[in-house]
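# Observations on chain architecture
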Amino acid sequence: MLKFLKQLNSMVGFMKLPKAQKRVVFYSEGPDYWPHLSGLVIELLKITNIPICYISSNKNDPGLQLTSPNYRTFYIADGYPTTVLFANIETDVMVMTMPDLDTYHLKRSKYKVHYVYIQHSLVSLHMVYRSKAFDNFDTIFCAGEHHIKEIRALEKTYKLPAKNLIKHGYGRLDAIREEASNSPKIAREKDTPINILIAPSWGKYGIIETIGQELIEILLTKGFNVTLRPHPQTKKLAGEKIKKILTQHQENPLFQIEMKISSQVSLHKSDLMISDWSGAAFDYAFGLNKPILFIDTPRKVNNPDYEEINIKPIEVSIRSQIGAIISIASIESISESINSLLSTYDDKRQEELGNQMVFNIGKANQVGADAIKVLLSKNL
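The structure contained in this document is the topic of the report that follows. A quick note: this is a predicted structure, and the numbers were derived from the prediction, not measured.

### Things to note about the side chain of Glu150
Examined against the element boundaries, Glu150 turns out to sit in helix 4 (residues 145-158). Despite its burial, Glu150 pairs with no opposite charge, the nearest such side chain being Lys149 at 9.3 Å. Non-local contacts of Glu150, meaning those with residues more than four positions away in its chain, are made with Ser124, Leu125, His126 and Ile311.

### Considerations on the environment of Ala162
With respect to the helices and strands, the residue Ala162 is situated in the loop between helix 4 and strand 7 (164-167). In this structure Ala162 comes out as exposed when scored by relative accessible area, which is 66%. If sequence neighbours within four positions are ignored, Ala162 has contacts with Arg152 and Glu155.

### What to know about the environment of Ser183
Secondary-structure assignment places Ser183 in the loop between helix 5 (171-182) and strand 8 (195-198). Note on Ser183: relative accessible area 29%, which makes it partly exposed. Spatially, the C-alpha atoms of Ser183 and Gly79 are 41 Å apart, while their sequence positions differ by 104 residues.

### Describing the pairing of strand 7
Sheet topology note: the strand 6 (residues 139-142)/strand 7 ladder contains four bridges and is parallel. Looking at strand 7, one finds that Thr139 is bridged to Asn164. For the crossover from strand 6 across helix 4 to strand 7, the handedness is right-handed.

### Describing the sheet that holds strand 7
Taken in spatial order, the seven strands line up as 3-2-1-4-5-6-7 in an open sheet, and their pairing is parallel. Each end of this open sheet is capped by a strand with a single partner; those strands are strand 3 (71-75) and strand 7. Averaged over all pairs of adjacent strands, the angle between their axes in this sheet comes to 20°, without regard to strand direction. Looking at chain direction, strand 1 (residues 24-28) and strand 4 (residues 93-96) are connected through four bridges and run parallel. Opposite Tyr27, over in strand 4, you have Met96 as the bridge partner. Contacting strand 6 and strand 7, helix 4 crosses the sheet at an angle of about 170° to strand 7.

### Things to note about the pattern of salt bridges
Summed over the entire model, instances satisfying the criterion amount to nine salt bridges. Of the charged contacts, one joins Asp92 and Lys19 as a salt bridge, the two residues approaching to 3.4 Å between their closest N and O atoms. Of this pair, Asp92 sits in the loop between helix 3 (80-88) and strand 4 while Lys19 sits in the loop between helix 1 (2-16) and strand 1, and the two are 73 residues apart along the sequence. By relative accessible area, Lys19 is classed as partly exposed at 34%. In this structure, a network of salt bridges that share partners links the residues Lys19, Arg23 and Asp92.

### Description of the packing of aromatic side chains
Aromatic ring pairs are reported here in terms of the distance separating the ring centres and the angle at which the planes meet. Evaluation of the coordinates by the stated rule reveals eight aromatic pairs. Arranged with centres 5.2 Å apart and planes meeting at 85°, the rings of Trp34 and Tyr54 form a pair that is edge-to-face. With Trp34 in helix 2 (residues 34-47) and Tyr54 in strand 2 (residues 52-56), the pair connects residues that are 20 residues apart, well separated along the chain. Both residues of the pair, Trp34 and Tyr54, count as buried. Chaining the aromatic ring pairs together yields one cluster made of Tyr117, Tyr129, Phe134 and Phe137. The side chain of Lys22 reaches across the aromatic face of Phe14, ending 4.5 Å from its centre. In this arrangement the basic side chain of Arg319 is found over the ring face of Trp277, its NZ or CZ atom lying 3.6 Å from the centre.

### Here's the deal with helix 13 (residues 334-344)
Along helix 13, the positions that sit buried rather than exposed are Ile334, Ser335, Ile338 and Leu341. For helix 13, the arc enclosing every buried residue in end-on projection is 135°, short of the 170-degree limit, so these residues lie on one face. When the buried face of helix 13 is taken as reference, the exposed residues oriented beyond 90 degrees from it are Ser343 and Thr344.

### Let's talk about the sheet that holds strand 8
Within the open sheet, the six strands sit side by side as 10-9-8-11-12-13. Their pairing is parallel. Of all strands in the sheet, those with a lone pairing partner are strand 10 (255-257) and strand 13 (323-326), marking the two edges. Neighbour-to-neighbour, the strand axes of this sheet turn through a mean angle of 20°, independent of strand direction. Pairing analysis gives three bridges linking strand 8 to strand 11 (residues 272-275), with the strands arranged parallel.

### Comments concerning the packing of helix 7 (residues 212-221) against helix 9 (residues 239-249)
It is at 10 Å that the axes of helix 7 and helix 9 come closest, and there the two elements cross at 25°. When the axis of helix 7 is compared with that of helix 9, the two are roughly parallel. You can see that helix 7 and helix 9 cross each other, and the crossing is right-handed. From helix 7, Gly212, Gln213, Ile216, Glu217 and Leu220 reach across to helix 9, where they touch Lys244, Ile245, Gln248 and His249. Of the residues belonging to the contact of helix 7 with helix 9, the class tally is three nonpolar, four polar and two charged.

### Concerning the nonpolar core
Counting residues in each nonpolar core, the largest one holds 60 residues, and the members touching the most others are Met94, Met96, Phe282, Phe286 and Ile322. Counting residues per element, this core draws most heavily on helix 11 (residues 280-288), which supplies six residues. With residues near it in sequence (within four places) discarded, Met96 still touches Tyr27, Phe86, Leu101, Tyr115, Val116, Tyr117, Ile118 and Phe137. Grouped together as the second largest cluster of nonpolar side chains are 26 residues, Ile194, Ile208, Ile326 and Ile331 included.

Cut-offs applied
- Residues numbered from 1 in each chain as written.
- Predicted model: local features only at pLDDT ≥ 70, side-chain atom pairs only at ≥ 80, totals over all residues.
- Heavy atoms only, no water.
- Helix = DSSP H or I, 4+ residues; strand = E, 2+ residues; numbered from the N terminus.
- Buried < 20%, exposed > 50% of the residue type's maximum accessible area, 1.4 Å probe, protein only.
- Lys, Arg positive; Asp, Glu negative; His and termini not counted.
- Salt bridge = Lys/Arg side-chain N within 4 Å of Asp/Glu carboxyl O.
- Contact = heavy atoms within 4.5 Å.
- Pairing = 2+ DSSP bridges.
- Right-handed = clockwise from strand over helix to strand, strands pointing away.
- Axes fitted to C-alpha atoms, helices over the stretch in contact; angles between N-to-C directions.
- Phe/Tyr/Trp six-rings, centres within 6.5 Å; stacked < 30°, edge-to-face > 60°.
- Lys NZ or Arg CZ within 6 Å of the ring centre and 35° of its normal.
- Arc of directions from axis to C-beta.
- Parallel < 35°, antiparallel > 145°, perpendicular 65-115°, else oblique.
- Left-handed = near helix turned anticlockwise from the far one by under 90°.
- Nonpolar A, V, L, I, M, F, W, Y, C, P; charged D, E, K, R; others polar.
- Core = buried A, V, L, I, M, F, W, Y, C linked by side-chain atoms within 4.5 Å.

In structure tokens:
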């Protein structure tokens, strides 16, 4: 009861703020989404005096620790308080990385609010997300041309109003590249184990949910260093699978687990990523120019009608260009596939492909902050 009352007080405190003191509101589900919002928040604070509020549903969100004269933070846990908050929020612009607005318990406000969606992945918008995931946003920040084509195709197919689409880019990718450029490159010493990062998606066909234990056992037996980086949703929905893997391998010095996907440590120290349909593969490929070995699990399809759009999802079309694909039936020989891929991939080509695919490399936060200023200037 005490926790609930604190949440209610936080919500009431936010609601009592005059609208002029909360012209832009960022909403975050938790710390794993701060990397996608942080650069934009900081840039907006740097170039404007616009009052900004940051609401998170997780008390461990780093965004709650940031301090600035025009920045207020509120911890409001998911559930009844956020349901009430969303339905009654008064602000000019609300920015979030959470799709499915107005579809489930979090609704559009009864007041006039302009909703902006920020990409937290480079994957397609019509296969990986639910069918109406973006229908109720006013502005979509697009990471690449594929997002623009997909949104326009969705609008045409389902006769939806045209949204305001911004050629934004991808702040998470910029941050990875910046950290890589500022970090000394340490070549792996000869005859030391190859560092493998397993960063899969979530869902019943994900690597962890299907062949996780078997795959890790094979890799460790072959002498690879293995870091497992579970998706936050996997931790929620398939925690028992992760526990079994830990029970089996936590004493093995070749095995590590990285539970915080906001961390970049495992990305930088690894030589190769193993993934399935995870958007993390794009971050890795285009942020660090390293190869990905895709295990060909069944596609991650959250919109069963995605083929009506008649656009091949980017995660389908580009896989073989940023790495190699191996079938589930072939994982016993995965060691050979890893060695072959490491000896043949072209890191320069990888970098060029990322530059072609993603808008405004290195400038996403500036472009995004400018776009929000424009929205505010229109007296929404």
